[in-house]
Amino acid sequence: MTKTPLQFRHNGRDVAVFVDGGVNLLVALRELIGDMTPKFGCGQGGCGACSVLIDGELHLSCLTLAETANGRAVETLDGMKDGPNLHPLQRAFMEQFAAQCGYCTPGMLMAAKALLDRNPSPTRAEVIEAISGNICRCTGYEPIINAVLAAATSGRARA
Amino acid sequence: MPVTVKTFASFGEAASALSSDRSARYLGGGTLVMRALNEGDISISTVVRATDQALSRIDVASSRVTIGAGVTFARVLAERELAFLHAPARSIGGPAVRNMGTVGGNLFAPSPYGDFTVALLALDATVSVQGGLGARDMPIEEFLQSRERQSGALVLAVSCQRPASADAFRYRKIARIKPKGGSVITLAAHLPVSGGRVSGARIALGSMAATQIRARAAERALEGRALDDSAVSAAAAAATEGVSPADNALGSAWYRREIVGVHLRRLLSGLE
Ligand SMILES: Cc1cc2nc3c(=O)[nH]c(=O)nc-3n(C[C@H](O)[C@H](O)[C@H](O)COP(=O)(O)OP(=O)(O)OC[C@H]3O[C@@H](n4cnc5c(N)ncnc54)[C@H](O)[C@@H]3O)c2cc1C
Ligand code: FES
Ligand code: FES
């Protein structure tokens, strides 16, 4: 079976890989590029653990045909921090105890980033809506919602 | 098992590739096709894509709006002129699914999905299809009835007349999880009123049969009457006529029959 070349920007860096037909972007990121931050939870769109941003929009990488990312900008949790400095969302998740096992956390953070990039002052209802495609089985949603709201407040305080 | 992915710049080429290969599947947003591939569905050996901009066009210039099959729900939500379709678009999935899923893919989504299509059925939409024999427009009802035979055809766009007024079009999705949950029942109604009386009512139901269906007996109960308590009660009482819901994890067929009239009454009386 022939492989197809695929090039895209991965957290600001150009990458090029060869993919098998039908492979999803999650597999391409984890197995071909070695970025383990997006997680495999279900492969069915149901859990959100594989969430990434494509051209700034939230997508489920497990349901994205890898080839459709060609020429586009893919952001994962791996690109979120700035050198040694955590992103305000990451800091808020830590301070508000918004992660327990941490499996959902990469997806939660990407969904939260997609929200705050567009809407720096979300309401609680908007936060709930923004993470509604992401399932957390152990922390519970309240600390996660509180962390996103806290990150929004700290972001505004710095701006 | 790897599949062959064929990407075409024009929808015409994609349509020919689809119609000439029985095991080819068109990829819209991929939220259902990729699920099948991830599960190892061996009935798909070829995936066909079209990057043609014509498929993602939205035309709102006239009283009739046209939405390309490749338009996502997020884009419907970003278009102010499509405000009447915002409630159905918002009721689908979470934000990522709305960024990915398309209007065209929704026409093929099996129950419990296909919420947007319920709205389009109530609005008497037209579906433009490009098959092996050329392009044709068909009423959405006819499209849905022959949906199984449409595989191999490429949907180009859907179009519909804007509702007579904001109040004339109503939509309601019953889900157990909010936000984001599969449909127990989805209801949409277009209720044009002329001289104080309903004229040309269309009521569509999702998850009440194998495909989205019209509640024709309920429509008849409203026709020519004012939308008052007695007309609404008559329509609600007729809501189960012709339905054949199935049992699934979201609700039993019995439950769906029990509650469809209750929710139709609320929809028609404008209650939240
Ligand atoms: C987590 C999750 C939640 C969801 N929630 C909802 C929900 O609440 N409501 C709902 O209605 N749906 C829901 N869906 C289902 C699905 O996302 C939507 O129905 C969506 O509209 C499907 O569109 P798509 O472009 O992704 O389809 P695809 O997966 O690309 O295609 C689906 C089918 O349609 C065919 N197809 C697509 N486009 C065309 C075309 N232009 N011409 C011919 N055939 C075509 C494909 O070949 C395939 O058979 C959900 C899915 C997931 C994963
Ligand atoms: S792994 Fe993609 S949504 Fe669960
Ligand atoms: S922290 Fe364990 S699933 Fe969310």
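Since this is a predicted model, take the numbers as computed values, not measurements.

## Examining the domain arrangement of chain B
Phase 1 of the analysis: What the domain assignment reports for chain B is domain 1 (4–50), domain 2 (53–161) and domain 3 (168–269).
Phase 2 of the analysis: Look at where the C-alpha atoms of domain 1 of chain B and domain 3 of chain B centre, and you get two points 34 Å apart.

## Focus: the site of ligand 1
Phase 1 of the analysis: Surrounding ligand 1, one finds 33 residues, the nearest of these being Tyr26(B), Gly28(B), Gly29(B), Thr31(B) and Thr102(B).
Phase 2 of the analysis: Neighbouring residues of ligand 1 are not confined to a single chain but are spread across chains A and B.
Phase 3 of the analysis: Contact distances for ligand 1 include 2.7 Å between an oxygen atom and a backbone N or O atom of Tyr26(B).
Phase 4 of the analysis: Calculation on ligand 1 without its partners gives an accessible area of 970 Å², and the protein chains cover 95% of this total.
Phase 5 of the analysis: Those elements giving two or more residues to the shell around ligand 1 turn out to be strand 2 (24–26), helix 2 (33–38), helix 6 (103–106) and strand 8 (154–161) of chain B.

## Notes on unusual backbone geometry
Phase 1 of the analysis: Omega for the bond connecting Ser111(B) with Pro112(B) falls within 30 degrees of zero, at 10°, which places this linkage in the cis form.
Phase 2 of the analysis: Notably, Asn11(A) is not glycine yet its phi reads approximately 50°, a positive angle.
Phase 3 of the analysis: Summarising the element assignment, Asn11(A) is placed in the loop between strand 1 (4–10) and strand 2 (13–19).
Phase 4 of the analysis: Even without a glycine there, the phi angle at Lys180(B) is positive, about 70°.
Phase 5 of the analysis: By the element assignment, Lys180(B) lies in the loop between strand 9 (169–175) and strand 10 (183–190).

## Observations regarding the packing of helix 10 (residues 229–237) of chain B against helix 11 (residues 253–268) of chain B
Residues and elements named next belong to chain B.
Phase 1 of the analysis: For the pair helix 10 and helix 11, interaxial distance at closest approach is 8 Å and the crossing angle is 150°. Judged by the angle between their axes, helix 10 and helix 11 are roughly antiparallel. Handedness of the crossing formed by helix 10 with helix 11: right-handed. Of the residues in helix 11, those in contact with Val232, Ser233, Ala235 and Ala236 of helix 10 are Gly261, Leu264, Arg265 and Leu268.
Phase 2 of the analysis: Split by residue class, the contact of helix 10 with helix 11 holds five nonpolar, two polar and one charged.

## Notes on empty space enclosed by the protein
Phase 1 of the analysis: Here the structure, examined in full by the defined rule, presents two cavities of 30 Å³ or more.
Phase 2 of the analysis: Approximately 80 Å³ is the volume found for the largest cavity.
Phase 3 of the analysis: Lining the largest cavity are 17 residues, and of these Ser111(B), Tyr113(B), Gly206(B), Ser207(B) and Gln212(B) lie nearest its centre.
Phase 4 of the analysis: Breaking the lining of the largest cavity down by element, the ones donating at least two residues are helix 7 (115–122) and strand 10 of chain B.
Phase 5 of the analysis: Of the residues in the lining of the largest cavity, the class split is seven nonpolar, eight polar and two charged.
Phase 6 of the analysis: Split by domain, the lining of the largest cavity shows at least three residues from each of two domains, domain 2 (53–161) and domain 3 (168–269) of chain B.
Phase 7 of the analysis: Volume-wise, the second largest cavity comes out at about 70 Å³.
Phase 8 of the analysis: In this structure, the second largest cavity is lined by Gly45(A), Ser51(A), Leu58(A), Leu60(A), Gly133(A), Asn134(A), Gly94(B), Pro95(B), Ala96(B), Val97(B) and Lys180(B).

## Focus on the domain arrangement of chain A
All names here are of chain A.
Phase 1 of the analysis: Domain boundaries assigned for chain A yield domain 1 (3–79) and domain 2 (88–158).
Phase 2 of the analysis: On a C-alpha basis, the centroid separation for the pair domain 1 and domain 2 is 22 Å.
Phase 3 of the analysis: Taken together, the contacts link 17 residues of domain 1 with 14 residues of domain 2.
Phase 4 of the analysis: When domain 1 packs against domain 2, close to 1200 Å² is buried across both sides, 61% of that on carbon and sulfur atoms.
Phase 5 of the analysis: Remark: the boundary between domain 1 and domain 2 carries one salt bridge.
Phase 6 of the analysis: Taking the shortest distance from any N to any O, the salt bridge between Lys113 and Glu75 comes out at 3.0 Å.
Phase 7 of the analysis: Elements with a contribution of two residues or more to the side of domain 1 that touches domain 2: strand 3 (51–54) and strand 4 (57–60).

Basis of the calculations
Throughout, a residue's number is its position along its own chain's written sequence, starting from 1. Chains and ligands are labelled sequentially in the order written, the chains with letters from A and the ligands with numbers from 1. A pLDDT threshold of at least 70 governs which residues receive local features in this predicted model, and a stricter bar of 80 or more applies before side-chain atom pairs are shown or counted, although totals over entire chains, interfaces and linings include all residues. Water and hydrogen atoms play no part in the side-chain values, which are based on all heavy atoms of the structure. Boundary definitions for the domains trace back to an automatic or database domain assignment. Proximity is defined per residue: any heavy atom of the residue falling within 4 Å of a molecule or strand makes that residue near it. Polar contacts here mean pairs of N or O atoms no more than 3.5 Å apart (in protein, one a potential hydrogen donor and the other a potential acceptor; neighbouring residues in sequence count only if both atoms are side-chain atoms). Values of accessible area rely on a 1.4 Å probe in the Shrake-Rupley scheme; residue burial ignores everything except the protein chains shown. Secondary structure elements are defined from DSSP: runs of H or I of at least 4 residues count as helices, runs of E of at least 2 residues count as strands, and each element is numbered from the N terminus. Note on definitions: angles span 0 to 180 degrees between N-to-C directions of axes, and those axes are lines fitted to C-alpha atoms, for helices only across the stretch in contact. Each angle gets one of four labels, with under 35 degrees taken as roughly parallel, over 145 as roughly antiparallel, 65 to 115 as roughly perpendicular, and the rest as oblique. The crossing is said to be left-handed when, going from far helix to near helix, the turn is anticlockwise and less than a right angle, and right-handed when the turn is clockwise. Any two residues whose heavy atoms approach within 4.5 Å at even a single point are treated as in contact. Residues are grouped as follows: Ala, Val, Leu, Ile, Met, Phe, Trp, Tyr, Cys and Pro are nonpolar; Asp, Glu, Lys and Arg are charged; all remaining types, including Gly, are polar. Of the two site types, the cavity is a set of points on a 1 Å grid over the protein atoms alone where a 1.4 Å probe fits but cannot get out, and the pocket is an open set with protein on both sides within 12 Å along at least five of seven lines, each lined by residues with an atom within 4 Å of a point. Grid points are joined across faces, edges and corners, and a volume is the space filled by probe spheres set on the points. Using a 1.4 Å probe, buried area is obtained as the accessible area two parts lose upon being combined, added over both of them. We define a salt bridge as a contact between a side-chain nitrogen of Lys or Arg and a carboxyl oxygen of Asp or Glu at a distance within 4 Å.

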